[in-house]
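Summary of structural features
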Amino acid sequence: MSDVLKTLADLLEQRKQNADPESSYVASLHHKGLNKILEKVGEEANEAIIAAKDAEHSGDNKDVIYETADLWFHSLVMLSHLGEDSDAVLDELARRFGLSGIDEKASRNK
Ligand SMILES: N=c1c2ncn([C@@H]3O[C@H](COP(=O)(O)OP(=O)(O)OP(=O)(O)O)[C@@H](O)[C@H]3O)c2ncn1[C@@H]1O[C@H](COP(=O)(O)O)[C@@H](O)[C@H]1O
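Treat the numbers as computed from the prediction; the structure is a model and nothing was measured. (Residues numbered from 1 in each chain as written. Predicted model: local features only at pLDDT ≥ 70, side-chain atom pairs only at ≥ 80, totals over all residues. Heavy atoms only, no water.)

1. Details of the nonpolar core
The condition that has to hold: Take the buried residues of types Ala, Val, Leu, Ile, Met, Phe, Trp, Tyr and Cys, join any two whose side-chain atoms come within 4.5 Å, and each joined set is a nonpolar core. In this scheme, a residue with accessible area under 20% of its type's maximum is buried, one over 50% is exposed, and one in between is partly exposed, where area comes from a 1.4 Å probe on protein chains only. Helix and strand labels come from DSSP, where a helix needs a run of H or I of at least four residues and a strand needs a run of E of at least two; each type is numbered from the N terminus. The contact criterion used is simple: two residues touch if any of their non-hydrogen atoms lie within 4.5 Å.
In terms of nonpolar packing, the biggest core is built from 8 residues, these being L5, L12, V26, L29, I37, L76, V77 and L79. Elements that contribute at least two residues to this core include exactly helix 1 (3-18), helix 2 (25-32) and helix 4 (62-81). Of all the elements, helix 4 adds the most residues to this core, at 3 residues. What L12 contacts, discounting residues up to four positions off in sequence, is V26, F73, L76, V77 and S80.

2. A word on the site of the ligand
The line we're drawing: Neighbouring residues are identified by heavy atoms, a residue being near a molecule or strand if any of them is within 4 Å of it. Pairing of N or O atoms within 3.5 Å defines a polar contact, subject to two protein rules: one partner must be a possible hydrogen donor and the other a possible acceptor, and residues neighboring in sequence count only if both atoms are side-chain atoms. All amino acids are sorted into three groups, where Ala, Val, Leu, Ile, Met, Phe, Trp, Tyr, Cys and Pro are nonpolar, Asp, Glu, Lys and Arg are charged, and the leftover types, Gly among them, are polar.
The local shell around the ligand holds 13 residues, among which R15, S24, Y25, V26 and K40 are the closest. Within the side chain of R15, a nitrogen or oxygen atom sits 2.9 Å from an oxygen atom of the ligand. At 3.0 Å from an oxygen atom of the ligand is found a main-chain nitrogen or oxygen belonging to V26. Of all the elements, helix 3 (residues 34-58) adds the most residues to the shell around the ligand, at 4 residues. Among the residues making up the shell around the ligand, the classes are represented as 5 nonpolar, 2 polar and 6 charged.

3. Section: the pattern of salt bridges
Going by this rule: Within this document, salt bridges are pairs made up of a side-chain nitrogen of Lys or Arg and a carboxyl oxygen of Asp or Glu, the two lying within 4 Å of each other.
Enumeration over the complete set of coordinates arrives at 8 salt bridges. The salt bridge involving K40 is made with E43; its shortest N-O contact spans 2.9 Å. Placement of the pair is K40 and E43 together in helix 3, with a separation of 3 residues, close to one helical turn. On the basis of relative accessibility, which here comes to 32%, the residue E43 falls in the partly exposed class. For R108, the salt bridge identified is with E104, shortest N-O distance 2.8 Å. Within this pair, R108 and its partner E104 are both found in helix 6 (residues 101-108), separated by 4 residues, close to a single helical turn. When salt bridges that share partners are traced, they join E92, R95 and R96 into one network.

If you want it as structure tokens, here you go:
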């Protein structure tokens, strides 16, 4: 795991276990439950899509990077809520190295 993901994973775990929803945004999301977390993931995905479309026209990627960070962050809170962290996702991505998306899809449709 990258240092950033490891530091964030540790912070998210600490906030999930010990933090007060009044003073921690992450704890407030866990307190509100999975549906609220999923609502935020959907909202941030939409914002990232809109920012990407705008970036295509303006040539300025600042907002798409900001919105993608929001999307990744809320996805990590979702995984944390379910007892997982980014390691599991990175392992899955590593497992796919060298496996063409087209070949993988064809193997599913046999
Ligand atoms: N990386 C982030 C991070 N990215 C985005 N956000 C928050 O995500 C929220 C979502 O943005 P919105 O504009 O949708 O917020 P909003 O409209 O207030 O949200 P709603 O009322 O609609 O739910 C904002 O409050 C952002 O500040 C984050 N909050 C926390 N972190 C990390 O998590 C750590 C722990 O945070 P706390 O739990 O707050 O201490 C922090 O130190 C950071 O490292």
